[in-house]
Amino acid sequence: MLTESEKIWMDGKFVKWADAKVHVLTHTLHYGTGVFEGIRCYKTAKGSAIFRLKEHVDRLFDSCHIMNIKAPFSKQEITQAIIDTVKVNKLKECYIRPIVYVGYGAMGLYATSNPISVSIAAWPWGAYLGDEGIKNGIRVKVSSFARLHVNVSMTKSKTCGDYVNSTLAKNEAISCGYDEALILDTDGLVSEGTGQNIFIVRDGVLKTPPLPSVLEGITRRSIMEMAKKLKIAVLETDITRDEVYIADEAFFVGTAAEVTPIREVDNRTIGTGKPGPVTKKLQKLFFEIVKGEAKSYSKWLTKV
Ligand code: PPE
């Protein structure tokens, strides 16, 4: 169960957590037509701050644009509503979930006149893959499910329905005794986790799959910028599952997952089986940045 907070922003108004309900014939519930974001807010010495808020709001609107959904609020209004949702719930650290969804109206696949709604919830959410996972790394299984091909769905949008693919992969991995799934694209190349981008380190070079089959992760982009500043070579390139097996290090990144080391894939130990030096360096810097301790990255934080 998640940890409830007090209020949820729904179409411009705050409603009590328990009253944040929709009709059972809400279009998105049946067809997955909505789009959403996942954002984190962290406690810093100068109060709470939201990590890369602008980038998340921009991506939410890009997702709407891709899905041809017209959000009934401006970027400015949504940005303010996100900040207000953290404030009104008096949360110091939290995960924030805005969703733009197609409401009640027509049923059937063609429902372009249904009302579009927006809601924003926020709640405390600890380490997505566990404290132990963040510290010592997780065990991963290559999924038997392939990632959505760009002509099947559109990977630049965080579309609700796309997460059926992710839940299938995640449930399979966990039922097989692993912590997380690594999904290959339809060509058999490494794409991403169920809600994370992947990086590997080989011979000192940080590698990540190119964009076609993966979500343009904001943490992914941040890690690449951080690595460049740390003079770590970064390469967006095709990666095969066996290259992950023989990598010196591997880790997942995402808003929810933050920076989570991978210690094993398909029962093959990655590197030494412990978080490696590049992973640890980037993870440490990541947490310094989000907690407001790395001054040169303060532009990535929005004070609440
Ligand atoms: N790939 C996918 C498929 C994905 O869903 C996410 C975020 C990422 C990569 C990383 O993107 P970014 O958060 O911008 O660095 N997944 C969100 C949802 C997770 C969930 O369980 O819900 C998230 O991390 O918020």
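Please refer to the structure placed before this passage.
These lines cover the structure that appears in this document, whether it is placed above or below. Owing to the predicted nature of the structure, the values given are computational and were not obtained by experimental measurement.

### Observations concerning the overall build of the protein chain
Next, step 1: Summing up its helical and strand segments, the protein chain has eight helices and 17 strands in all.
Next, step 2: Against the 2.2 N^0.38 benchmark of 19 Å for 304 residues, the protein chain shows a C-alpha radius of gyration of 19 Å, consistent with a compact globule.
Next, step 3: Overall size of the protein chain, expressed as C-alpha extent along the three principal axes, is 55 × 45 × 30 Å.
Next, step 4: Pairs at least 24 apart in sequence give 71% of the contacts found in the protein chain among residues at least 6 apart.
Next, step 5: Per element, the accessible surface of the protein chain, about 14300 Å² overall, is 54% carbon and sulfur.

### A few points about the packing of aromatic side chains
Next, step 1: Scanning the entire structure with this criterion turns up 11 aromatic pairs.
Next, step 2: Aromatic side chains Y95 and W123 sit 5.4 Å apart centroid to centroid with 50° between the ring planes, which places their arrangement in the tilted category. One end of the pair, Y95, is in strand β6 (residues 94–102); the other, W123, is in strand β7 (residues 116–123), and 28 residues separate them in sequence. Comparing Y95 with W123 shows no difference in burial state: the two are buried.
Next, step 3: An angle of 85° between the planes, with centres 5.4 Å apart, marks the rings of W125 and Y128 as edge-to-face.
Next, step 4: You can call W125 partly exposed: its relative accessible area is 34%.
Next, step 5: In this structure, R139 packs its charged tip against the face of Y178, placed 4.7 Å from the ring centre.

### Describing the site of the ligand
Next, step 1: Lining the immediate environment of the ligand, one finds 20 residues, of which Y95, Y128, Y163, T219 and T255 sit closest.
Next, step 2: At 2.9 Å, a side-chain N or O of R97 approaches an oxygen atom of the ligand.
Next, step 3: Within the side chain of T219, a nitrogen or oxygen atom sits 2.5 Å from an oxygen atom of the ligand.
Next, step 4: Surface burial for the ligand is 94%, taken as the share of its 550 Å² of free accessible area covered by protein chains.
Next, step 5: When contributions to the shell around the ligand are tallied by element, the ones reaching two or more residues are β6 and α6 (218–229).
Next, step 6: Each residue belonging to the shell around the ligand can be placed in one class, and the counts come to six nonpolar, nine polar and five charged.

### Section: the pairing of β7
Looking along a regular strand, one sees side chains alternate from face to face of the sheet.
Next, step 1: Counted residue by residue, β7 has seven buried out of eight residues, so it is predominantly covered.
Next, step 2: Inspection of the sheet shows strand β1 (residues 7–10) paired to β7 by two bridges, in the antiparallel sense. Each residue of the ladder has a partner; that of M10, found in β7, is S119.
Next, step 3: Bridge count for β6 against β7 is eight bridges, and the pairing is antiparallel.

### A word on a nonpolar patch on the surface
Next, step 1: A cluster of nonpolar residues, V24, L25, L29, Y31, Y104, M107 and L109, forms a patch on the protein surface that exposes about 710 Å² of accessible area.
Next, step 2: Here L29 shows up in helix α1 (residues 27–31).
Next, step 3: Among the residues examined, L29 registers a relative accessible area of 58% and is labelled exposed.

### Overview of the environment of S143
Next, step 1: Among the secondary structure elements, S143 is positioned in strand β8 (residues 138–146).
Next, step 2: Given the relative accessible area of 8%, S143 is considered buried.
Next, step 3: Linking S143 and D266, residues 123 residues apart in sequence, is a C-alpha distance of 9.7 Å.
Next, step 4: If near-sequence neighbours (up to four positions away) are discounted, S143 is found in contact with A169, E172, A181, L182 and I183.
Next, step 5: Polar side-chain contacts of S143 include one of 3.2 Å to the side chain of E172.

Thresholds, definitions, all that
Residues numbered from 1 in each chain as written. Predicted model: local features only at pLDDT ≥ 70, side-chain atom pairs only at ≥ 80, totals over all residues. Heavy atoms only, no water. Helix = DSSP H or I, 4+ residues; strand = E, 2+ residues; numbered from the N terminus. Rg over C-alpha atoms; globule rule 2.2 N^0.38 Å. Contact = heavy atoms within 4.5 Å. Areas by Shrake-Rupley, 256 points an atom, 1.4 Å probe, with all protein chains shown as cover. Phe/Tyr/Trp six-rings, centres within 6.5 Å; stacked < 30°, edge-to-face > 60°. Buried < 20%, exposed > 50% of the residue type's maximum accessible area, 1.4 Å probe, protein only. Lys NZ or Arg CZ within 6 Å of the ring centre and 35° of its normal. Near = heavy atom within 4 Å. Polar contact = N/O pair within 3.5 Å; in protein donor to acceptor, adjacent residues only side chain to side chain. Nonpolar A, V, L, I, M, F, W, Y, C, P; charged D, E, K, R; others polar. Pairing = 2+ DSSP bridges. Patch = residues over 30% accessible without salt bridge, like charges linked within 9 Å, V, L, I, M, F, W, Y side chains within 5 Å. Salt bridge = Lys/Arg side-chain N within 4 Å of Asp/Glu carboxyl O.

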